[in-house]
Structure formats: structure tokens, C-alpha cells
Amino acid sequence: MDASALMELQALRKSYAAELPERLDLLEQLWARRHYPEALVSLHYQVHSLSGSGATFGFAELGRVAHQLEILLKAMTTAAHPPGTANA
């Protein structure tokens, strides 16, 4: 990787890291409203996003933990809307 590409990647990682507190605040807000199906679905989506992007930007532990949480949230979402229901 050339120096220019490495610098760009470092800048993207720094930008990603700067956005994490805001993203974590959103997760807390959605978790507090998890009894509402749309909040639970949004929470699952946000965690899914962190699961993939965490590792991509060099935050392997974030990606790993987010992936584990994603699996749990998927189960919660499925339990809230079993297959064959109108909101599944």
C-alpha cells in the first residue's frame, strides 16, 4: 500500500473512531425503547452495521462483540415477530 492510500485509510479510521460515541449513544437510546418493535429492528440494524464496519476500520474487538450482540438481537427480533406474522 502506498503512503497516500495509507494516509487516507488512517484518516477514515480516525473519522470512524470520532463517530463512535454518537453511534453508541444511539444504541443506548434504541435499547431503552427496545419494547417497541421498530426500535428493536433499528437497534439490530445499527449493531449489524457496527459488526461489519468495526473490523473493517481496525476495531476487531468492536466487530466481534457487535456480531455477538447482533445474533442475540436477531433472536429477539424473531421472537417479537415470528415468521408468518404480519410484521415479520
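Note that the structure is predicted; figures quoted are calculated from it, not measured. (Residues numbered from 1 in each chain as written. Predicted model: local features only at pLDDT ≥ 70, side-chain atom pairs only at ≥ 80, totals over all residues. Heavy atoms only, no water.)

Asker: Would you mind showing me how to read helix 2 (residues 37-56) here?
Answerer: In an α-helix, one turn spans 3.6 residues, which is why side chains three or four residues apart end up on the same side. Taking 1.5 Å of rise per residue, 20 residues should cover 28 Å, and helix 2 covers 29 Å from first to last C-alpha, within 8% of that figure. Ala39, Leu40, Leu43, His44, Gln46, Val47, Leu50, Ser51, Ser53 and Gly54 are the residues of helix 2 that are buried. For helix 2, the secondary structure elements touched by its buried residues are helix 1 (3-32) and helix 3 (60-80). Once helix 2 ends, the next one or two residues include Gly58, with phi positive near 90°. (Helix = DSSP H or I, 4+ residues; strand = E, 2+ residues; numbered from the N terminus. Expected span 1.5 Å × (residues − 1). Buried < 20%, exposed > 50% of the residue type's maximum accessible area, 1.4 Å probe, protein only. Contact = heavy atoms within 4.5 Å.)

Asker: Would you take a moment to explain the packing of aromatic side chains for this structure?
Answerer: Given two aromatic rings, their pairing is described by the distance between the two centres and the angle made by the two planes. One pass over the full model with this rule turns up 2 aromatic pairs. When the centroid spacing of 4.6 Å and the interplanar angle of 15° are considered together, the rings of Tyr16 and Phe57 count as stacked. In this pair, Tyr16 is assigned in helix 1 and Phe57 in the loop between helix 2 and helix 3, connecting sequence segments 41 residues apart. Taking the relative accessible area as the measure of exposure, Tyr16 reaches 5% and is therefore buried. (Phe/Tyr/Trp six-rings, centres within 6.5 Å; stacked < 30°, edge-to-face > 60°.)

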